[in-house]
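Secondary and tertiary structure notes
One-letter residues, chain by chain:
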Amino acid sequence: MKHSSVGLGTAAISAALLVMLGTRGVSQQLPKGVTPEDLATNNKLFLELAIKGLKWEEPAEPVRIAGPIYFVGTWGLGSFLFTTSEGHILMNTGMPSSGPMIVASIRKLGLKPEDIKLMINGHAHIDHAGALSFFKSQFGAQLAVMKDDVAAMESGDRDDFKYANDFVYPGLKVDRILRDGDTIKMGEVLLTAYHTPGHTRGATTWVANVIVDGKPYVVAFPDGAGFNPGYRLVRNPIYPGIAEDYRRTHHLLEMLKPDIWLAQHNEYYDLEGKRERAKTEGLKAWIDPEGYRRFIAEKKRAFEDQVDLELGAKKSAAQSAAQPK
Ligand SMILES: [Zn+2]
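Within every chain, residues take consecutive numbers counted from 1 along the sequence as written. Only residues with pLDDT of 70 or above have their local features reported here, since the model is predicted, and side-chain atom pairs are shown and tallied only from 80 upward, although totals for entire chains, interfaces and linings are computed over all residues.

Let's shift gears to the overall build of the chain. A run of H or I in DSSP becomes a helix once it reaches four residues, and a run of E becomes a strand once it reaches two; helices and strands are each numbered from the N terminus. Check the secondary structure of the chain and you find twelve helices and twelve strands. The burial criterion counts other C-beta atoms lying within 10 Å of a residue's C-beta, which is placed from the backbone; the residue is buried at 20 or more, exposed at 12 or fewer, and partly exposed between these limits. In the chain, which comprises 325 residues, the proportion classed as buried is 46%. Here the contact rule is simple: place C-beta atoms from the backbone, and any two residues whose C-beta atoms are within 7 Å are in contact. Long-range contacts, defined here as pairs at least 24 residues apart, represent 64% of the contacts in the chain between residues at least 6 apart.

Let's shift gears to the nonpolar core. Take the buried Ala, Val, Leu, Ile, Met, Phe, Trp, Tyr and Cys residues, join any whose C-beta atoms are within 7 Å, and the set you get is a nonpolar core. Ranked by internal contacts, the top residues of the largest apolar core, which has 71 residues, are Ile69, Phe80, Met119, Val219 and Leu262. Those residues in contact with Ile69 that sit more than four places away from it in its chain are Phe80, Phe82, Ala208, Val210 and Val219. Leu233, Ile242, Ala243 and Tyr246 belong to the second largest nonpolar core, which has seven residues in total.

Turning our eyes to something else, we now look at the sheet that holds strand E12 (residues 260–261). Spatially, five strands are ordered E8-E9-E10-E11-E12 in an open sheet, and the strand pairing comes out mixed. Two strands lie at the open edges of the sheet, namely strand E8 (183–186) and E12, each paired on one side alone. The pairing of strand E9 (residues 189–195) with strand E10 (residues 204–212) spans six bridges and is classified as antiparallel. From the neighbouring strand, Ala193 faces E10, where its bridge partner is Trp206. In this scheme, strands are said to pair when DSSP sees at least two bridges between them.

Another point: the environment of Asp213. Residue placement: Asp213 occurs in the loop between E10 and strand E11 (215–221). For Asp213 and Gly67, which are 146 residues apart along the polypeptide, the C-alpha to C-alpha distance reads 7.8 Å.

As a further point, take the packing of helix H8 (residues 242–255) against helix H11 (residues 289–310). The axes used here are C-alpha line fits, helices contributing only the stretch in contact, and every angle between their N-to-C directions lies in the interval 0 to 180 degrees. Two numbers describe how H8 lies on H11: the axes approach to 10 Å, and their chain directions differ by 160 degrees. What the angle tells us is that H8 and H11 run roughly antiparallel. Between H8 and H11 lies a crossing of left-handed hand. Only Ile296, Lys299, Lys300, Phe303 and Val307 of H11 make contact with H8, whose side of the interface consists of Ala243, Tyr246, His250, Leu253 and Glu254. Residue classes in the contact of H8 with H11 are distributed as six nonpolar, one polar and three charged. By definition in this entry, angles of less than 35 degrees are roughly parallel, angles greater than 145 are roughly antiparallel, angles of 65 to 115 are roughly perpendicular, and the rest are oblique. Crossings are classed by handedness, with left-handed meaning an anticlockwise turn of the near helix from the far one by less than a right angle and right-handed meaning a clockwise turn. For this classification, the nonpolar set comprises Ala, Val, Leu, Ile, Met, Phe, Trp, Tyr, Cys and Pro, the charged set comprises Asp, Glu, Lys and Arg, and every other residue, Gly included, is treated as polar.

A separate point is unusual backbone geometry. The backbone phi angle of Lys55 is positive, close to 50 degrees, even though this residue is not glycine. A positive phi angle, close to 65 degrees, is found at Asp157, a residue other than glycine. You can call Asp157 buried: it has 25 C-beta atoms within 10 Å.

Position of Pro100 relative to the elements: it lies in helix H4 (residues 99–108). According to the C-beta neighbour criterion, Pro100 is exposed, with 12 such atoms within 10 Å. Residues Pro100 and Ala131, spaced 31 residues apart in sequence, show a C-alpha to C-alpha distance of 9.1 Å.

Here the focus is the environment of Arg179. Mapped onto the elements, Arg179 comes out in the loop between strand E7 (176–178) and E8. Here Arg179 falls in the exposed class, since 10 other C-beta atoms lie within 10 Å of it. For the pair Arg179 and Lys147, spaced 32 residues apart in sequence, the C-alpha separation works out to 6.1 Å.

What follows deals with the sheet that holds strand E6 (residues 142–146). The strand order across the open sheet formed by seven strands is E1-E2-E3-E4-E5-E6-E7, and the pairing between neighbours is mixed. The open sheet is flanked by strand E1 (63–66) and E7, the only strands paired with a single partner. Here the average twist between neighbouring strands, direction ignored, is 25 degrees. Here E1 runs beside strand E2 (residues 69–71); their pairing, made up of three bridges, is antiparallel. Looking at E2, one finds that Ala66 is bridged to Ile69. Sheet contacts for helix H6 (residues 132–139): strand E4 (87–91), strand E5 (116–120) and E6; angle to E5, the most-contacted strand, approximately 165 degrees.

This is the structure:
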C-alpha cells in the first residue's frame, strides 16, 4: 500500500483537514500521527496535507454554472470565469501549478484564455493567488485587488501574519487597487467587491449580479470568514484588531442574501453534488440560499468557539461536538 510522506491515507488526511478547516462535522477524528498542534504550528506540513488530502493540484472538469459564470478550477480549489462581450474576468487561480490546468479547462469549454482581460481574487494566499502571475505573463491579464491585500499580492505573500515566508508564490504588480464597495462592470456582468478582512487583511467577498434567461440572480463568493489552524484570534501582536475584523466580516456576510453561492474551496459549496444534480435540474441545482446561511453561521460559530478557547473559557467546538448530545 502506498503511503504519503506522513504515513496517512488520502481519505484520512482529507477528513482531518475538513475538520481543521471547519467545513464538516467536527466530531471526526484526526488521523494517527498528526495532532491539531502539528497542523497549527507546522505550516509546511499543513500545506502538504492540504494539497494532497483536498486535491488542490489535481485537475477537474470545468462546468457552466449560471449564464456567464463557469467553474474552471482544480479538484479542490475554486476558480471561476465570467464571460462578457468585452472579454473574460478570471476569479482565483489556485496553486502556482494550476495555471495550465485552468487554461485547459477554459479551452475545453470552447472559450479563450487570451480573452481574459481582468483577474480578481478572494485573498492573497498561495492556494488562490498562486497562478495570477502565470496569467499575467501568458495573456497580459490585469489584476484588481483590495487595498489591504495589495502588498501581499505584489510580494507573493511574504511576511504573512501566520505563514511568514513559508507559502510564497510569484508576486505580481497590481493594476487596480480596490476599496470596499467598488464595482467592476464588464459587458453584462456587474461585480461588487466587499472588504471582508480576517483570514487575510484584504480578503474580499465578491458579489456578482447576472441575468440568466431574462431573470436576475445574485451570486456570492464569500471570503475572509474562516481561520486556519494556528491563527491567533485574540491578542494577535502581528495583526492587532483581527477579532474585530472577523466580527465585522461575519456581520456583513450575514446580510448578503445570494441565490447562488460559490467559494474558493469546492467542498464548501458542494461543487460535485450540485454539478451532478444540475445534469437533470439545470440552474435550480445551484440555487442554495439556505446552504449559504448555514455556511456563514458555521464559520461564525467556529470563530467564536475558538475565541472562547483562546480565552480559556470553554472547550473547543471539536471537543464539545464529540460529546453525546
Ligand atoms: Zn487562505
